[in-house]
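Chain and residue survey
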Amino acid sequence: MSHDDALEGAPASDPGAGLSQSMYRPLDLPLDFEAFYLGHQEPYHAYAEAHFGTREVAEEVIHEVFLQILAGWTQLLSSGSLEQGAWAIMRRAVHDRLEREGRAPAFVINGPITQALAPALATARDKLHKMESTSGVYEAIAELPNRQFEVIVLRYILGYPVAKVAWYVGIDDRTVGHHLRRGKERLRLKLGLPDDRKKPQQKGERK
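Computed from a prediction, not measured in an experiment: that's the story for all the values here.

Reading guide: rules and limits
- Residues numbered from 1 in each chain as written.
- Predicted model: local features only at pLDDT ≥ 70, side-chain atom pairs only at ≥ 80, totals over all residues.
- Heavy atoms only, no water.
- Helix = DSSP H or I, 4+ residues; strand = E, 2+ residues; numbered from the N terminus.
- Buried < 20%, exposed > 50% of the residue type's maximum accessible area, 1.4 Å probe, protein only.
- Contact = heavy atoms within 4.5 Å.
- Areas by Shrake-Rupley, 256 points an atom, 1.4 Å probe, with all protein chains shown as cover.
- Expected span 1.5 Å × (residues − 1).
- Core = buried A, V, L, I, M, F, W, Y, C linked by side-chain atoms within 4.5 Å.
- Axes fitted to C-alpha atoms, helices over the stretch in contact; angles between N-to-C directions.
- Parallel < 35°, antiparallel > 145°, perpendicular 65-115°, else oblique.
- Left-handed = near helix turned anticlockwise from the far one by under 90°.
- Phe/Tyr/Trp six-rings, centres within 6.5 Å; stacked < 30°, edge-to-face > 60°.
- pLDDT = per-residue confidence, 0-100.
- Salt bridge = Lys/Arg side-chain N within 4 Å of Asp/Glu carboxyl O.

The next subject is the overall build of the chain. Counting its regular elements, the chain contains 11 helices and 0 strands. Going residue by residue from the N terminus, the α and β elements of the chain occur as α-α-α-α-α-α-α-α-α-α-α. The burial tally for the chain puts 43% of its 207 residues in the buried class. Restricting to contacts in the chain with at least 6 residues of sequence separation, those with at least 24 account for 64%. In the structure as shown, the chain presents an accessible area of about 11,500 Å², 50% of it carried by carbon and sulfur atoms.

Take a look at the structure:
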């Protein structure tokens, strides 16, 4: 795909549509950067849209994110942690925009994620009303530590499989699983949901 092909007449769904012509035409972009962009622009846009609630704002923020990534591309490559470094730039840009605008993530206000998280948190139906309120699970997720927050959003709100979450964030599958378990346990405690994990059987107990 040429630089011009990625942009001229491209529909909004085209992978190149998120970058402006000014980013492509005056610059001879590194091929590895272009490959990185094509592999990561979709989850970056989805993550931003989940926070801002509109594709337009998400595209604006992520456009700036990729400009920042491009500006520091050589350093990111030499750091040995390209995925994590780029993700940190994206996460900081999203957080800073929300902070400047003084608002909570859009999924806290709008997103019905009860069905996605309910099986992971609890089976007790009488507790699920806590997850349907804007004062329940959404705010609890927003208060999670950064890494737990990210994997919960990617896994349960955006619906990415564990392997993709690991790739985008720059950690391995087992670490994703660890953060998911810790995050779900924090949410369970925060929301006052019962612990449905199997407890080890004591000696003398009947099976």
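With 12 residues, helix α9 (residues 146–157) should reach 16 Å at 1.5 Å per residue; the first-to-last C-alpha distance of 15 Å fits that figure. Downstream of α9 by a residue or two, glycine 159 has a phi angle that is positive, lying close to 80 degrees.

What follows concerns the nonpolar core. Formed by 50 residues in total, the largest nonpolar core has its most connected members in Tyr44, Val65, Ile69 and Ile141. For this core, the secondary structure elements donating two or more residues are α2 (31–52), α3 (55–71), α4 (73–79), α5 (82–101), α8 (137–142), α9, α10 (162–169) and α11 (173–191).

With their axes 10 Å apart at the nearest point, α9 and α10 run at an angle of 135 degrees to one another. Considering their axes alone, α9 and α10 lie oblique with respect to each other. With respect to the hand of their crossing, α9 and α10 are arranged in right-handed fashion. Residues Arg147, Glu150, Val151, Leu154 and Arg155 of α9 form the contact with α10, whose own contacting residues are Val162, Val165 and Val169.

Under the criterion given, the structure shown has 10 aromatic pairs. Relative to tryptophan 87, the ring of tyrosine 47 lies with its centre 5.2 Å away and its plane at 70 degrees, an arrangement referred to as edge-to-face. Remark: tryptophan 87 occurs in helix α5 and tyrosine 47 occurs in helix α2; sequence separation between them is 40 residues. Each member of the pair, tyrosine 47 together with tryptophan 87, is buried.

This next bit is on the environment of tyrosine 168. With respect to the helices, strands and loops of the structure, tyrosine 168 is situated in helix α10. Classification of tyrosine 168 as buried rests on a relative accessible area of 3%. Taking the C-alpha atoms as reference points, tyrosine 168 and glutamate 83, 85 residues apart in sequence, are found 6.4 Å from one another. Sequence-distant contacts of tyrosine 168, that is, excluding residues within four places in its chain, are made with Gly39, His40, Glu42, Pro43, Glu83, Trp87 and Tyr160.

This prediction gives the chain a mean pLDDT of 75; 67% of its residues lie at or above 70. The element-level mean pLDDT for the chain is lowest in helix α1 (residues 21–24), coming to 44, with α3 highest at 94. Note on residues 1–18: pLDDT under 50 across the span, and 30 contacts to partners over four residues away in sequence or across chains. Within the model, pLDDT remains below 50 along residues 120–134, and this stretch shows 33 contacts once partners closer than five positions in the same chain are excluded.

Moving on: the pattern of salt bridges. Scanning all chains against the criterion turns up 8 salt bridges. In this structure, glutamate 101 and arginine 97 form a salt bridge, with 2.5 Å as the shortest nitrogen-oxygen distance. Residue glutamate 101 and its partner arginine 97 are located together in helix α5, separated by 4 residues, close to a single helical turn. Looking at glutamate 101, the relative accessible area reads 35%, which means it is partly exposed. With a relative accessible area of 14%, arginine 97 lands in the buried category. For the salt bridge of glutamate 185 with arginine 188, the shortest nitrogen-to-oxygen distance reads 2.7 Å. Of the two residues, glutamate 185 and arginine 188 both sit in helix α11, 3 residues apart, roughly one turn of that helix. The network of salt bridges with shared partners includes Glu49, Arg55 and Glu59.

This next bit is on α3. In an α-helix, one turn spans 3.6 residues; hence positions three or four apart end up facing the same way. Taking 1.5 Å of rise per residue, 17 residues should cover 24 Å, and α3 covers 24 Å from first to last C-alpha, within 8% of that figure. Taken residue by residue, α3 has Val57, Ala58, Val61, Ile62, His63, Val65, Phe66, Ile69 and Leu70 as its buried positions.

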